[in-house]
Amino acid sequence: VPFLVIFLLLGGIFFTLWYRWINVRGFKHSVEVIQGKYDRPEDPGEISHFRALTSALSATIGLGNIAGVAVAIQLGGPGAVLWMWITAVFAMTAKFSSCTLSQLYRTVNSDGSISGGPMYYLDLGMRSMGPVWGVVGKILAVMFAIMVMGGAIGGGNMFQANQSFEILSGQFPMLEGNGFWFGIILAVLVGVVIIGGINSIANVTGKIVPIMAAVYIIGAFVVIGINIENIGPA
């Protein structure tokens, strides 16, 4: 088992125990937050809780829970799904910890926009622990930012664009051999959305992601129904 998987799993288990199973205790509360129960117009922030969720899910649906799961099953067999479920339970708390730190250590810019995330809380949070920790935090923050850029180019752009083209070209033969132009059009469409900033992204994802999620869930049940006789063996 790769070192990274064990490292992340142990981190998730640690946070789950440290926060006394917040992923279970706080589940109902998280749903209420997303529903807007605690939304107040005067609170700082650029987008609502729901749109923040859809913005995060927009990068997950497809790359993670469709293509990623398919690759895992292909490499490790159907048993890989069980271990993904178990890992996900603990990973929820690691995600909770990261999101909480992002709220605690973020920068409000002069124009009212907010900058945050791991590259900020690693820097600002560890700086508050002392000068030496501040240097370590700055190094980790820069490393994280570089890694994110690499991941965005590889997984966030090339992999998703390639998978989109492979799927559509399989259904529409006219696209065969036109991968370059498909990529250009895709880049332009994405650019129109992201150039407007987080508000533009949230506006789009708030409308598209619920439809994506519904199609995904219905599609999953359809596939399970068609292959109902294989559930036991799997």
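Look a little higher up for the structure.
Residues numbered from 1 in each chain as written. Predicted model: local features only at pLDDT ≥ 70, side-chain atom pairs only at ≥ 80, totals over all residues. Heavy atoms only, no water.

*Asks:* Tell me about the overall build of the chain, residues and numbers included.
*Replies:* Counting its secondary structure elements, the chain contains 10 helices and two strands. The linear arrangement of helices and strands in the chain, starting from the amino end, is α-α-α-α-α-α-β-β-α-α-α-α. Projected onto its principal axes, the C-alpha coordinates of the chain cover approximately 60 × 45 × 40 Å. Relative to its full complement of 234 residues, the chain shows a buried share of 17%. On the chain, roughly 16400 Å² of surface is accessible, and the fraction owed to carbon and sulfur atoms is 74%. The chain carries 11 positive and 10 negative side-chain charges, and their two centres are separated by 11 Å. (Helix = DSSP H or I, 4+ residues; strand = E, 2+ residues; numbered from the N terminus. Buried < 20%, exposed > 50% of the residue type's maximum accessible area, 1.4 Å probe, protein only. Areas by Shrake-Rupley, 256 points an atom, 1.4 Å probe, with all protein chains shown as cover. Lys, Arg positive; Asp, Glu negative; His and termini not counted. Charge placed at Lys NZ, Arg CZ, Asp CG, Glu CD.)

*Asks:* Quick rundown of the packing of aromatic side chains? Include the residues and the values.
*Replies:* For the structure on display, the rule yields eight aromatic pairs. These aromatic residues form a ring-pair network of at least three members: Phe14, Phe15, Trp18, Tyr19 and Phe96. (Phe/Tyr/Trp six-rings, centres within 6.5 Å; stacked < 30°, edge-to-face > 60°.)

*Asks:* Please give an account of helix 1 (residues 3-18) that cites residues and values.
*Replies:* Look at helix 1: 22 Å from first C-alpha to last across 16 residues, which is about the 22 Å you get at 1.5 Å a residue. Directly beyond the C-terminal end of helix 1, a positive phi value near 55° is found at Arg20. (Expected span 1.5 Å × (residues − 1).)

*Asks:* Explain a nonpolar patch on the surface to me, and be specific about the residues and the numbers.
*Replies:* A cluster of nonpolar side chains, contributed by Met129, Val132, Trp133, Val135, Val136, Ile139, Leu140, Met143 and Met147, occupies part of the molecular surface with about 880 Å² of accessible area. Looking at where Met143 falls in the secondary structure, it is placed in helix 8 (residues 131-171). (Patch = residues over 30% accessible without salt bridge, like charges linked within 9 Å, V, L, I, M, F, W, Y side chains within 5 Å. Salt bridge = Lys/Arg side-chain N within 4 Å of Asp/Glu carboxyl O.)

*Asks:* Could you give an account of unusual backbone geometry, naming the residues involved and the relevant values?
*Replies:* A negative phi angle is the norm for most residues apart from glycine, just as the trans form is the norm for most peptide bonds. Even without being a glycine, Arg20 presents a positive backbone phi close to 55°. Along the polypeptide, Arg20 turns up in the loop between helix 1 and helix 2 (22-25). Take Arg20: its relative accessible area is 59%, and that puts it in the exposed class. Positive phi outside glycine occurs at Trp21, with the angle close to 55°. Looking at where Trp21 falls in the secondary structure, it is placed in the loop between helix 1 and helix 2.

Read these as layout, nothing more, since geometry by itself doesn't imply function.
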